[in-house]
Amino acid sequence: MDGADEPATLPEYRDNPFISALPPILSTVEALERLTDLPRFDEAERRYPAHLRAHCVQRLGRYFDPLDRHLLLESRFSMLVRQGYLGRNPATGDYVRRLQNSHERLEQHDLNATPRHAIEPTASGFAIIGCSGIGKSRGIERVLKLYPQVLHHSRPFSLKQMVWLKLDCPYKGSPKQLCINFFAELDKLLGTAYRRKYGTGRYAVDEMMVWMAHVSELHALGVLVVDEIQHLRQAPGASKDDLLNFLVTLVNTIGLPVMIIGTLSAVPLLQSAFRQARRASGMGSLMWERLPRDAHWDQFVERMWSFQWTQEHTPLTDELRHVLYDETQGIVDLVVKLFMLAQVHAIQLGTMRGRPERLEAGLLRHVAKENFKLVAPMIEALRKNDEKALIAYDDLSPLHAFVTQALQIALARLGPPLAAARHGLSLASERDAEAVREATLAALQAVGVAPEIAELALVPVIAETPDLSPMGLLTRVMAMLQGQDTGKAPAKRRGAGKPKKAEPPPLDADDLRGIAAQAKATMRAAHAAFLDAGVVRPPLADFAA
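Here the structure is a predicted model, which is why all the values come from computation and not from measurement. (Residues numbered from 1 in each chain as written. Predicted model: local features only at pLDDT ≥ 70, side-chain atom pairs only at ≥ 80, totals over all residues. Heavy atoms only, no water.)

### Looking at a negative patch on the surface
Taken together, the side chains of Asp-110, Asp-206, Asp-241 and Asp-242 define an acidic patch exposed on the protein surface. Structurally, Asp-206 can be placed in helix α10 (residues 205-218). Of the residues examined, Asp-206 reaches a relative accessible area of 49% and is grouped as partly exposed. (Patch = residues over 30% accessible without salt bridge, like charges linked within 9 Å, V, L, I, M, F, W, Y side chains within 5 Å. Areas by Shrake-Rupley, 256 points an atom, 1.4 Å probe, with all protein chains shown as cover. Salt bridge = Lys/Arg side-chain N within 4 Å of Asp/Glu carboxyl O. Lys, Arg positive; Asp, Glu negative; His and termini not counted. Charge placed at Lys NZ, Arg CZ, Asp CG, Glu CD. Helix = DSSP H or I, 4+ residues; strand = E, 2+ residues; numbered from the N terminus. Buried < 20%, exposed > 50% of the residue type's maximum accessible area, 1.4 Å probe, protein only.)

Pasting the structure below:
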């Protein structure tokens, strides 16, 4: 149909103020354009100093290139929110009748109370299930941004319409905590006091759920999105069934569309009862698999590959495509992270060792091996297509934290050469400094210091005293690891006439007691000292080794 012949809106939507206030329905091309979020990139940035280019790479952390599944999700959500509002039209009295039914439930403290008015439900729901890192949460967040969260109406009566609300399932699947989170989120958005009124100990969980349903009706909530539904596995006793039954009631009885998002471990929960599985599939549930090696994979990688901030642009070859897929198994989140880490690693090698900044297959393998240790079993399970093993991997947030720390460490290690450049040192001097560093590392390992601890301990010492000889550096590092401070004068002896107490045996460099004591003496957090010493070092800490 020609664009000029398109109606302003469909007849069933036209006279509904809740629907009319929503953005226009998007075509596939429009949705693709609106969902895309690519980082800013300029070829001139390749000539920036290394520490600036490393920061440019961080832009990939927000990279979002829509796939077919995201376009389907946008279309499903568009239908879900509008169909849910069909039976709540304030212009026809449906909205008022729903409020009266809600008041009856409040009077009887029962969500399943017999309603005053018989209303045909138009709401539905659906679930998105897939392994962690596949892009479920990020995809729905991009779709939700296409819609305003709160709309203000003055006619036919004044109210604040809540188009959507996204909550994470409470860690132990508590319906009460879900209600409390719901009230608190509305208070932030609307400036209300629902958390104080209805989310306190004076209300039992059943009463809280009735009030949550009532507030949803009052503000014409369009869609409730509940993420991380696999947390129900941690729920004690019948709590998991209570929460699922509550979500089903919101759809069936209240007429509120509900979207459920979870990992593969949520499948047994949703299939445990036919009713839950049926309602979650009201608009057709989406099972998101990892990307197969097909044309869609090639297009995704090719577009991402153009965002390179290394001095040399590395063309994308079949070998590189194979390595990217083999090391990530089509998990989009891992692909982007591997691309980021590989670039920062190449920039480090160029700055610290004078190597060409190229993204080679061996570099990708090395970065994946050193930085994806946490998810190596998950990758192996994907290679074997072992769905039972994949259920154990609900969350990649620990990996996110480790990747962030690895990038921070990488940026810090770009510091000494840049500081030397600012002081006008020659390239020969930088090479001498590297030789001193390597000699000191060898000496530390010779006296029994673990390579990763030696690497971590040496970085701040070189930064503070770059002109020390290998012997001087060795002395300073050993003193730091043993909790000593060579820069202080010996303390005066007290009580010389008293008999000496037997001295405890010296602690090893990686003994937690010594590290904690040194941290306490210098007013530092023990955990930070453990990280510095390497005893709780995540697998990514030796990123640039």
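### Structural notes on the pattern of salt bridges
The tally for this structure, following the rule as stated, stands at 23 salt bridges. Here Glu-357 and Arg-53 are joined by a salt bridge, their closest N and O atoms 2.7 Å apart. Of the two residues, Glu-357 sits in the loop between α16 (332-353) and α17 (361-371) while Arg-53 sits in helix α4 (residues 50-57), which places them 304 residues apart along the sequence. The salt bridge involving Asp-326 is made with Arg-383; its shortest N-O contact spans 3.3 Å. One end of the pair, Asp-326, is in helix α15 (residues 318-328); the other, Arg-383, is in helix α18 (residues 376-384), and 57 residues separate them in sequence. Accessibility expressed as a relative area gives 35% for Arg-383, which makes it partly exposed. Through salt bridges with shared partners, a single network forms among Asp-326, Glu-327, Arg-365, Glu-380 and Arg-383.

### A look at the side chain of Ser-102
Here Ser-102 lies in helix α6 (residues 94-108). Among the residues examined, Ser-102 registers a relative accessible area of 1% and is labelled buried. Residues in contact with Ser-102, not counting those within four places in the same chain, are His-214 and Glu-217. (Contact = heavy atoms within 4.5 Å.)

### Observations regarding unusual backbone geometry
Look at His-109: it is not a glycine, yet its phi comes out positive at around 55°. Position of His-109 relative to the elements: it lies in the loop between α6 and β1 (125-130). The residue Ala-220 is not glycine, and still its phi comes out positive at about 50°. Along the chain, Ala-220 falls in the loop between α10 and β5 (223-227). Using a relative accessible area of 1% as the deciding quantity, one classes Ala-220 as buried.

### Describing the packing of aromatic side chains
This structure, assessed with the given rule, holds 15 aromatic pairs. Note on Tyr-198 and Tyr-203: the rings are 6.1 Å apart at their centroids and 65° apart in plane angle, and the pair reads as edge-to-face. Comparing Tyr-198 with Tyr-203 shows no difference in burial state: the two are buried. Consider the rings of Trp-297 and Tyr-325, whose centres lie 4.9 Å apart with planes at 90°: the pair is edge-to-face. (Phe/Tyr/Trp six-rings, centres within 6.5 Å; stacked < 30°, edge-to-face > 60°.)

### Remarks on the pairing of strand β2 (residues 150-153)
Only one face of β2 is buried: it carries Leu-151 and His-153, and the other face, with Val-150 and His-152, is open. Relative to strand β3 (residues 159-162), β2 runs antiparallel, the two being bridged by four bridges. Following the sheet pairing, His-153 is matched in β3 by Leu-159. Linking β2 back to β3 in an antiparallel pair, the connection comprises five residues. (Pairing = 2+ DSSP bridges.)

### Observations concerning the environment of Arg-138
Its place among the elements puts Arg-138 in helix α7 (residues 136-144). Note on Arg-138: relative accessible area 26%, which makes it partly exposed. A C-alpha to C-alpha distance of 9.6 Å links Arg-138 and Arg-62, two positions 76 residues apart in sequence. Residue contacts for Arg-138: discarding those within four places in its chain leaves Asp-37, Gly-61, Arg-62, Tyr-63 and Phe-64. A distance of 2.8 Å separates the side chain of Arg-138 from the backbone oxygen of Arg-62, its partner in a polar contact. (Polar contact = N/O pair within 3.5 Å; in protein donor to acceptor, adjacent residues only side chain to side chain.)

### A look at the pairing of strand β6 (residues 258-262)
Burial analysis of β6 places five of its five residues in the buried class, which makes it a mostly covered element. The alternating pattern of β6 places Val-258, Ile-260 and Gly-262 on one face and Met-259 and Ile-261 on the opposite face, and all of these are buried. In this sheet, β6 lies alongside β1 in parallel orientation, the contact comprising five bridges. Following the sheet pairing, Gly-125 is matched in β6 by Val-258.

### Re the environment of Gln-149
Inspection of the secondary structure puts Gln-149 in the loop between α7 and β2. Taking the C-alpha atoms as reference, Gln-149 lies 5.1 Å from Val-163; in sequence the two are 14 residues apart.

### Side note on the sheet that holds β5
If you walk across this open sheet you meet the five strands as β4-β5-β6-β1-β7, and the pairing is parallel. Single-partner strands in this sheet number two, and they are β4 (164-168) and β7 (286-288). Looking at each pair of strands side by side, their axes are set apart by 15° on average, direction ignored. The pairing of β4 with β5 spans five bridges and is classified as parallel. The residue bridging Lys-166 from the neighbouring strand is Val-225, located in β5. (Axes fitted to C-alpha atoms, helices over the stretch in contact; angles between N-to-C directions.)

### Looking at the side chain of Glu-357
For Glu-357, a relative accessible area of 3% puts it in the buried group. There is a polar contact of 2.7 Å between the side chain of Glu-357 and the side chain of Arg-53. The contacts of Glu-357, once residues within four sequence positions are left out, are Arg-53, Thr-310, Gln-311, Glu-312, Ala-346, Ile-347 and Gly-350.

### A word on α10
Between its terminal C-alpha atoms α10 stretches 20 Å, which fits the 20 Å expected from 14 residues at 1.5 Å a residue. Within α10, 10 of the 14 residues are buried, leaving the element largely enclosed by the surrounding structure. When α10 is considered as a whole, its buried residues turn out to be Met-208, Met-209, Val-210, Trp-211, Met-212, Ala-213, His-214, Val-215, Ser-216 and Glu-217. Following α10 by one or two positions, Ala-220 adopts a phi angle in the positive range, close to 50°. (Expected span 1.5 Å × (residues − 1).)

### Overview of the environment of Leu-291
Structurally, the position occupied by Leu-291 is in the loop between β7 and α14 (295-305). The buried category is assigned to Leu-291, whose relative accessible area is 5%. Once the C-alpha coordinates of Leu-291 and Val-332 are considered, the two residues, 41 residues apart in sequence, prove to be 7.6 Å apart. Not counting residues up to four positions away in its chain, the partners in contact with Leu-291 are Leu-67, Arg-69, Ile-134, Trp-297, Tyr-325, Gly-330 and Val-332.

### Some thoughts on the confidence of the model for the chain
Per-residue confidence for the chain averages 79 on the pLDDT scale, and 73% of its residues sit at or above 70. Across residues 484-501, confidence stays below pLDDT 50; counting only partners more than four residues off in sequence or on other chains, it has four contacts. (pLDDT = per-residue confidence, 0-100.)

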